[in-house]
Amino acid sequence: KQEVTQIPAALSVPEGENLVLNCSFTDSAIYNLQWFRQDPGKGLTSLLLIQSSQREQTSGRLNASLDKSSGRSTLYIAASQPGDSATYLCAVNNQAGTALIFGKGTTLSVSS
Amino acid sequence: DTAVSQTPKYLVTQMGNDKSIKCEQNLGHDTMYWYKQDSKKFLKIMFSYNNKELIINETVPNRFSPKSPDKAHLNLHINSLELGDSAVYFCASSQGLAGVGTDTQYFGPGTRLTVL
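Residues numbered from 1 in each chain as written. Chains lettered and ligands numbered in written order. Predicted model: local features only at pLDDT ≥ 70, side-chain atom pairs only at ≥ 80, totals over all residues. Heavy atoms only, no water.

> Explain the overall build of chain B to me, using residue names and the numbers behind them.
Looking only at helices and strands, one finds zero helices and eleven strands in chain B. For chain B, the α and β elements follow one another from N to C terminus as β-β-β-β-β-β-β-β-β-β-β. Relative to its length of 116 residues, chain B is compact, with a C-alpha radius of gyration of 14 Å against a globular reference of 13 Å. Seen through its C-alpha atoms, chain B measures out along the principal axes to roughly 45 × 30 × 25 Å. (Helix = DSSP H or I, 4+ residues; strand = E, 2+ residues; numbered from the N terminus. Rg over C-alpha atoms; globule rule 2.2 N^0.38 Å.)

> Any chance you could break down the nonpolar core for me, citing the residues and the numbers?
The biggest cluster of nonpolar side chains holds 22 residues, and the ones touching the most others in it are Phe-25, Leu-33, Trp-35, Leu-75, Ile-77, Tyr-88 and Leu-108 of chain A. Looking at this core, the elements with two or more residues in it are β3 (19-25), β4 (32-38), β5 (44-51), β7 (62-67), β8 (72-77), β9 (86-93) and β11 (106-111) of chain A. For Leu-108 of chain A, the residues in contact, after removing those within four places along its chain, are Leu-11, Val-13, Leu-19, Ile-77, Asp-84, Ser-85, Ala-86 and Tyr-88 of chain A. Of all hydrophobic cores here, the second largest spans 20 residues; its members include Tyr-49, Phe-64, Ala-87 and Leu-113 of chain B. (Core = buried A, V, L, I, M, F, W, Y, C linked by side-chain atoms within 4.5 Å. Buried < 20%, exposed > 50% of the residue type's maximum accessible area, 1.4 Å probe, protein only. Contact = heavy atoms within 4.5 Å.)

> Requested: an account of the sheet that holds strand β7 (residues 64-70) of chain B, with residues and values cited.
Within a sheet, adjacent strands bond to each other through the backbone by hydrogen bonds, running parallel or antiparallel. Residue and element names in this part refer to chain B. In space, the four strands of this open sheet follow the order β1-β3-β8-β7, with antiparallel pairing throughout. Pairing within the sheet leaves two strands with one partner each, and these edge strands are β1 (4-7) and β7. The sheet shows a mean angle of 20° between the axes of neighbouring strands, direction not considered. One ladder, built from four bridges, connects β1 with strand β3 (residues 19-25); its direction is antiparallel. Bridging across to β3, Ser-5 finds its partner in Glu-24. (Pairing = 2+ DSSP bridges. Axes fitted to C-alpha atoms, helices over the stretch in contact; angles between N-to-C directions.)

> Pulling in residues and values, what's your account of the pairing of strand β8 (residues 73-78) of chain B?
All names here are of chain B. Across four bridges, the pairing between β3 and β8 is antiparallel. Bridge pairing in β8 links Ile-21 to Leu-76. The antiparallel hairpin formed by β7 and β8 contains two residues in its connecting segment.

> How would you explain the state of the cysteines if you had to name every residue and give the values?
One pass over the structure, following the stated rule, counts two disulfides over all chains. Across the disulfide from Cys-23 of chain A sits Cys-90 of chain A; the S-S distance is 2.0 Å. Taking the torsion about the S-S bond as the criterion, the Cys-23 of chain A to Cys-90 of chain A disulfide, at about -65°, is left-handed. Of the two residues, Cys-23 of chain A is situated in strand β3 and Cys-90 of chain A in strand β9; the sequence distance between them amounts to 67 residues. The buried category is assigned to Cys-23 of chain A, whose relative accessible area is 2%. Overall, the relative accessible area of 0% leaves Cys-90 of chain A in the buried class. For Cys-23 of chain B, the disulfide goes to Cys-91 of chain B, at an S-S distance of 1.8 Å. Since a negative S-S torsion denotes a left-handed disulfide, the Cys-23 of chain B-Cys-91 of chain B link at about -75° is left-handed. Pair noted here: Cys-23 of chain B is in strand β3 and Cys-91 of chain B is in strand β9 (residues 87-94), with a separation of 68 residues, a long-range link. (Disulfide = S-S within 2.5 Å.)

> I'd like a rundown of the packing of aromatic side chains, residues and numbers included.
Here the structure, examined in full by the defined rule, presents eight aromatic pairs over all chains. The interplanar angle of 90° and the centroid separation of 5.7 Å between the aromatic rings of Phe-102 of chain A and Tyr-35 of chain B together place this pair among those described as edge-to-face. Here Phe-102 of chain A is found in strand β10 (residues 100-102), whereas its partner Tyr-35 of chain B is found in strand β4 (residues 31-37) on a different chain. Look at Tyr-35 of chain B and you get buried, because its relative accessible area is 0%. Ring centres of Phe-102 of chain A and Phe-107 of chain B lie 6.0 Å apart, and the angle between their planes is 80°; on these two criteria the pair is classed as edge-to-face. In this pair, Phe-102 of chain A is assigned in strand β10 and Phe-107 of chain B in strand β10 (residues 106-107), connecting two distinct chains. Grouping residues by exposure puts Phe-102 of chain A and Phe-107 of chain B together as buried. (Phe/Tyr/Trp six-rings, centres within 6.5 Å; stacked < 30°, edge-to-face > 60°.)

Function cannot be read off these values alone, since they describe shape.
Right, here's the structure in full:
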């Protein structure tokens, strides 16, 4: 049974720092992996999706990597800003058209 | 031009009542989902429909009944509401075909259900 773990559960950094959020999954036979952002009381915004055949994806200051064989993904945020404060969720999809399996998230706080 | 929309956004009701949450997607996707986010913010799948047919039905009480009148809509009806049903319910959709595209899942804004 696929399980997704995110470390750390919470992270506080000063503005401008580069940071890494970690995600691990127990079954390496995934179809894709998505990183989401959730602001308090809001829905989920998809940040990046990495297909199983890919190693990384980049969008602006965000870079997500995938090491399928070791069951790990990282989300790298460069030059963090207070507006990056949110909960970041990692989710894996074992097959197209099936449900995402979520980690419990990392709550990021960036202070100015 | 909202891709995945849900109504209502907030729902406050008494124990024992029956309520429905509606979801619509205008992305032309084949697959729709209902997820539940509990008080600890953990998101978990409840149901999945592909082309109006039930695909996934996790261990959810049979008081919860999804209904898909067409491919663009997936509604969630809940009978005899209990205190433990209080949560945020998210609808999502994806293309859903193996090997086609990335199958990114798009989420609605959520419905915050409070049972008193």
